[in-house]
Amino acid sequence: NITPCVLERSERTTQQLVFVRDREEAHEHAGQDLIVTVLRGHGTLWLGERQVPMHEGDVAVVPAGLRHWFVNQGDEPAAAFVILAPTTPESVPNP
C-alpha cells in the first residue's frame, strides 16, 4: 500500500519518493518536520482533523508530532517527494 524509497540521506535531511496506492495509516513523526510535494495523482492529506486537498504540484508542511495521513483518490498510485528534517534512524524505512 505504501512504498517509500530513500533518494538521499544527509546529516540534516532525508529525501524520499513515496508511493501511496490507497491510504496511509494515521501516524506522526516526533521530532521531524515533513515537506510533501505531490508529483503524481491527487488525494486528501489529513493534518489532525483538517483535510487538505492535494493535487500534482501542491506542497504541504507537516509539523513534527502532528498526526497525519494521505488518502489517494486516484486509480493509480499517487507519488510524492518528501523531505524529512532532521534525519533520524526512523526516517529510513526498513527493507
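Residues numbered from 1 in each chain as written. Predicted model: local features only at pLDDT ≥ 70, side-chain atom pairs only at ≥ 80, totals over all residues. Heavy atoms only, no water.

**Looking at the packing of aromatic side chains**
Applicable threshold: Any Phe, Tyr or Trp ring, taking Trp's six-membered ring, that has another such ring centre within 6.5 Å forms a pair; planes under 30 degrees apart are called stacked, those over 60 apart edge-to-face, and the others tilted. The helix and strand labels rest on DSSP assignments: H or I over at least four residues marks a helix, E over at least two residues marks a strand, and numbering proceeds from the N terminus.
Considering all chains together, one arrives at one aromatic pair under this definition. Where W46 meets W69, the ring centres are 5.3 Å apart and the plane angle is 5°; that geometry is what we call stacked. Taken together, the positions of W46 in strand 4 (residues 43-47) and W69 in strand 7 (residues 68-72) put the pair 23 residues apart, joining distant regions of the chain.

**Section: the sheet that holds strand 7**
The cut-off we apply is this: Think of it this way: DSSP has to see at least two bridges between two strands before they count as a pair. Between N-to-C directions, angles span 0 to 180 degrees; the directions come from axes that are lines fitted to C-alpha atoms, helices contributing only their stretch in contact.
Strands sit in the order 5-4-7 across an open sheet of three strands; the sheet is antiparallel. Where the open sheet ends on each side, the last strands, each with one partner, are strand 5 (50-54) and strand 7. Along the sheet, successive strands turn relative to each other by an average axial angle of 20°, direction set aside. Here strand 4 runs beside strand 7; their pairing, made up of five bridges, is antiparallel. Directly across from G43, in strand 7, lies its bridge partner N72.

**What about the sheet that holds strand 2 (residues 14-20)?**
Here we have five strands laid out as an open sheet, ordered 1-2-8-3-6, and antiparallel in their pairing. Edge positions in the sheet fall to strand 1 (2-9) and strand 6 (59-62), since each of these pairs with one other strand and no more. Direction aside, neighbouring strands of the sheet carry axes that sit 25° apart on average. Here four bridges tie strand 3 (residues 33-40) to strand 6, and the two strands are oriented antiparallel to one another. Paired with I35 across the strands is V61, a residue of strand 6.

**So, the pattern of salt bridges**
Note the following rule: Salt-bridge detection follows one rule: a side-chain nitrogen of Lys or Arg within 4 Å of a carboxyl oxygen of Asp or Glu. Buried means the residue's accessible area, taken with a 1.4 Å probe over protein chains only, is under 20% of the maximum for its type, while exposed means over 50%, and partly exposed covers the values in between.
Per the stated rule, a full pass over the model turns up one salt bridge. Between D22 and R23 there is a salt bridge whose closest N-O contact spans 3.4 Å. Judged by its relative accessible area of 38%, D22 is partly exposed.

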